[in-house]
2 protein chains.
Amino acid sequence: MLGGMNVKLIDQKLVAECLKMPRAIELVKSAYADLTEGNVDSPLRTALVNEGGTVLYKPAYGEGAGIFCVKVVSVFADNVNKGLPVTPGIIVVNSAETGMPLAILEAGYLTALRTGAATGIATKVMAPEDSKVGALFGTGGQSRHQLEAMLCARSFERIYVFSRQEANAIRFCEKNRDIAGDCELIANPDRKVLKECDVITTSTTSPTAIFSDEEISDSVHINAIGSLGAQRTEISAETLLRSDVVVDQRAACLAEAGEICLMRDAGLIDDDYCPVEIGELILGKQSLGERNKPTVFKSVGNAAQDLVCSAEIYRYALDQGLGVDAVL
Amino acid sequence: MLGGMNVKLIDQKLVAECLKMPRAIELVKSAYADLTEGNVDSPLRTALVNEGGTVLYKPAYGEGAGIFCVKVVSVFADNVNKGLPVTPGIIVVNSAETGMPLAILEAGYLTALRTGAATGIATKVMAPEDSKVGALFGTGGQSRHQLEAMLCARSFERIYVFSRQEANAIRFCEKNRDIAGDCELIANPDRKVLKECDVITTSTTSPTAIFSDEEISDSVHINAIGSLGAQRTEISAETLLRSDVVVDQRAACLAEAGEICLMRDAGLIDDDYCPVEIGELILGKQSLGERNKPTVFKSVGNAAQDLVCSAEIYRYALDQGLGVDAVL
């Protein structure tokens, strides 16, 4: 009975080395197409809860990825007071051929990267081709990757960075100049600049809309990837109701996205409200209309994104002989 | 963002070192009591399937255990032809206080140990006090721990070991004399000895009953822990219908145990068939009647068993400074 299984350990630094944003955007694009075509199995996550927090188990499998994976991610708000990550996580990778465990990956960096990649592909598919001016709301753990993804998708001349605390916006701009290239990062300008933005990305924990419908232009594209849960929204109902709304996965967003759930609770949309999936745009099964109203991409995140990224990272580490080989 | 989480790796050999059968029996006893009292959260497992096999995700949490855990276990039948384990698995342990991942354990040994411990506590609680003669059907990966658990529970003078292939029974007896002490192990005797057995443990993959009701005594206690799935049974309907049947968890056994499902499918039991839970016996909420008919313990296995055992193994390894400390 006593044998031994070889499992590759891939830490946060190595995850970052194995997968860069441009490739992550391509991978998430394929994941969204797979989701829409039913080529990936990402069942409802399981949640275990105690008085301190929640542990979520998010499994996924797709033939294309060639692996099974599960993300085990915790949400413990009080960790911030203990000097610990609020959402620590790992991903377990199993072989599609033998079911053997193959690798354990640190999940925090990968989650931020693939959430950025969602914004990247949505911006590529949905934002005006000649987008030059962007805005980013929120300067937390996800925001560097959101910025990077925007920069991958369009040739921005300047991106405005908004934070409730001006010092955070200033610090974020300083820290992220390294990836901005020729694009100017401008911390907390007068809000009236929102009117000139071609793309706005929101990555906050705000419970309510962070800008009013009057503040934005008719041709703006919005990526709303923050404010998790059915009771929180980053975007106003006014904006959502006049926009083309596109989601990562219809069933998940109808159940979990506050942007949609709160409108339904308020009687502003019908039970048959049916936003387009970004996979449908990617596959050419749907297209956006004339650019005379805003477009909104809402993502609640999907294990299919973790799946394609984990598969790529594992294969790269294996090919390059990277990672720590442990025996269990 | 780049930080590092410390995760303890506990391989199969160390799992075996950290938890021995007598203690495992005590732990599984407490797990069964917790299950009956609703003190442990072990939601329905999630299964991902492809053409080669299945990966199962079995999470659990209980306040008493002080950890969250999930067992990721694959079932790939063809692995036997590849020199690989058919059911490879690992367990991920997360802190109840912070949600941080704490440890990764090899799961195969632990599963065999805790499944043995189920037989151990059932035999302690249900078998005649003066049981002297036992039988064990099946000589596969679970059987050594089944034997060990029987030996922990009662002072057997002899245990008959049955296998479809006589050579397997002989080899099993030779290999396991080290744990049998004064108890004689006898390979594949004439089946008529079944009539003198006080305890019979079945740990096979048989689709149909492995002995007839006429072959056993009226006072025998049976542990049926093999033949997973709603379409397989190790015990005949005749035996089950005249026995006191006790299960590890009612809901799971009504849904998954072939012993029960096949009787229901055949119209032999009603929809309100309600076997006793072993936790109810342990807690004194139910008791067995006069010893004038067989007793049967049916277990399909529960993540609550993995939970208590994983918690104990992790704590022991931590206290003793054992295991490999990895950084993710």
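Residues numbered from 1 in each chain as written. Chains lettered and ligands numbered in written order. Predicted model: local features only at pLDDT ≥ 70, side-chain atom pairs only at ≥ 80, totals over all residues. Heavy atoms only, no water.

1. Re the sheet that holds strand β8 (residues 133-137) of chain B
All names here are of chain B.
Line of reasoning, step 1. Taken together, the eight strands give an open sheet; going across it, the order is β10-β9-β8-β11-β12-β15-β13-β14, and neighbouring strands pair in parallel fashion. A strand with exactly one partner marks an edge of an open sheet, and here the two such strands are β10 (184-187) and β14 (276-277).
Line of reasoning, step 2. On the sheet, helix α3 (residues 108-126) packs against β11 (199-202), β12 (221-224), β13 (244-247) and β15 (295-298) and is oriented at approximately 160° with respect to β12.
Line of reasoning, step 3. Each of β8, β9 (158-162) and β10 is contacted by helix α5 (residues 166-175), which is oriented at about 165° to β10, the strand it contacts most. (Pairing = 2+ DSSP bridges. Helix = DSSP H or I, 4+ residues; strand = E, 2+ residues; numbered from the N terminus. Contact = heavy atoms within 4.5 Å. Axes fitted to C-alpha atoms, helices over the stretch in contact; angles between N-to-C directions.)

2. What about the relation of the copies chain B and chain A?
Line of reasoning, step 1. Of the transformation placing chain B onto chain A, the axial shift is 0.0 Å and the rotation is 180°, giving an RMSD of 0.0 Å. Such a combination of turn and shift is consistent with a two-fold rotation axis.
Line of reasoning, step 2. Most of the interface of chain B is mirrored in chain A, where 100% of its interface residues again form contacts. (Least-squares fit on C-alpha atoms with pLDDT ≥ 70 in both.)

3. Here's the deal with the environment of A:Lys71
All names here are of chain A.
Line of reasoning, step 1. Within the secondary structure, lysine 71 sits in strand β5 (residues 67-75).
Line of reasoning, step 2. Classification of lysine 71 by relative accessible area gives buried; the value is 2%.
Line of reasoning, step 3. Spatially, the C-alpha atom of lysine 71 lies 4.3 Å from that of isoleucine 91, the residues being 20 residues apart in sequence.
Line of reasoning, step 4. Those residues within four positions of lysine 71 in sequence are excluded, and the remaining contacts are Leu56, Tyr57, Lys58, Ile90, Ile91, Ala107, Thr111, Arg114 and Asp306.
Line of reasoning, step 5. Only 2.8 Å separates the side chain of lysine 71 from the side chain of threonine 111, close enough to count as a polar contact.
Line of reasoning, step 6. A polar contact of 3.3 Å, which involves the side chain of lysine 71, links it to the side chain of aspartate 306. (Buried < 20%, exposed > 50% of the residue type's maximum accessible area, 1.4 Å probe, protein only. Polar contact = N/O pair within 3.5 Å; in protein donor to acceptor, adjacent residues only side chain to side chain.)

4. Quick notes on the pattern of salt bridges
Residues and elements named next belong to chain B.
Line of reasoning, step 1. Using the criterion set out here, one finds 26 salt bridges over all chains in the structure.
Line of reasoning, step 2. We note a salt bridge from lysine 8 to aspartate 325, for which the minimum N-O separation is 3.1 Å. Placement of lysine 8 in strand β1 (residues 6-10) and of aspartate 325 in strand β16 (residues 324-327) is noted, with a sequence separation of 317 residues between them.
Line of reasoning, step 3. Its relative accessible area of 6% is what places lysine 8 among the buried residues.
Line of reasoning, step 4. Owing to a relative accessible area of 56%, aspartate 325 belongs among the exposed residues under this scheme. (Salt bridge = Lys/Arg side-chain N within 4 Å of Asp/Glu carboxyl O.)

5. Observations regarding the sheet that holds strand β12 (residues 221-224) of chain A
Residues and elements named next belong to chain A.
Line of reasoning, step 1. Read from one edge of the open sheet, eight strands run β10-β9-β8-β11-β12-β15-β13-β14, paired in parallel fashion. Pairing within the sheet leaves two strands with one partner each, and these edge strands are β10 (184-187) and β14 (276-277).
Line of reasoning, step 2. Of the strands in this sheet, β11 (199-202), β12, β13 (244-247) and β15 (295-298) are in contact with helix α3 (residues 108-126), which crosses β12 at around 160°.
Line of reasoning, step 3. Sitting on the sheet, helix α5 (residues 166-175) is in contact with β8 (133-137), β9 (158-162) and β10, with an inclination near 165° to β10.

6. Section: the packing of aromatic side chains
Line of reasoning, step 1. If you walk through the whole model with that rule in mind, you get ten aromatic pairs over all chains.
Line of reasoning, step 2. When the ring of A:Tyr61 is compared with that of A:Phe68, the centres are 4.4 Å apart and the planes differ by 25°; the resulting orientation is stacked. Residues A:Tyr61 and A:Phe68 agree in their burial class; the two are buried.
Line of reasoning, step 3. Centre to centre, the rings of B:Tyr32 and B:Phe297 are 6.2 Å apart; their planes meet at 65°, and the pair counts as edge-to-face. Remark: B:Phe297 occurs in strand β15 and B:Tyr32 occurs in helix α2 (residues 21-37); sequence separation between them is 265 residues.
Line of reasoning, step 4. Following the ring pairs from residue to residue traces out a cluster consisting of A:Tyr61, A:Phe68 and B:Phe76. (Phe/Tyr/Trp six-rings, centres within 6.5 Å; stacked < 30°, edge-to-face > 60°.)

7. Describing the pairing of β13(A)
Residue and element names in this part refer to chain A.
Line of reasoning, step 1. Residues Asp244 and Val246 point to one face of β13 and Val245 and Val247 to the other, with burial holding for every one of them.
Line of reasoning, step 2. As paired elements, β13 and β14 share two bridges and run parallel to each other. Paired with valine 247 across the strands is glutamate 277, a residue of β14.

8. Let's talk about helix α9 (residues 258-265) of chain B
Residues and elements named next belong to chain B.
Line of reasoning, step 1. Along α9, the residues that are buried comprise Gly258, Glu259, Ile260, Cys261 and Met263.
Line of reasoning, step 2. Where α9 is buried, its residues meet β12, α7 (237-242), β13, α8 (250-256) and β15.
Line of reasoning, step 3. One or two positions beyond α9, positive phi appears at glycine 267, with a value near 75°.

9. Quick word on the domain arrangement of chain A
Residue and element names in this part refer to chain A.
Line of reasoning, step 1. Here chain A is partitioned into domain 1 (6-110 + 304-327) and domain 2 (126-301).
Line of reasoning, step 2. In this structure, domain 1 and domain 2 have C-alpha centres spaced 25 Å apart.
Line of reasoning, step 3. Contacts between the two partners involve 13 residues from domain 1 and, on the opposite side, 17 residues from domain 2.
Line of reasoning, step 4. Both sides together, the interface formed by domain 1 and domain 2 hides about 1200 Å², and carbon and sulfur atoms give 67% of it.
Line of reasoning, step 5. Inspection of the domain 1/domain 2 interface yields one salt bridge.
Line of reasoning, step 6. Taking the shortest distance from any N to any O, the salt bridge between glutamate 256 and arginine 45 comes out at 3.9 Å. (Domains from an automatic or database assignment. Buried area = accessible area lost by both parts, 1.4 Å probe.)

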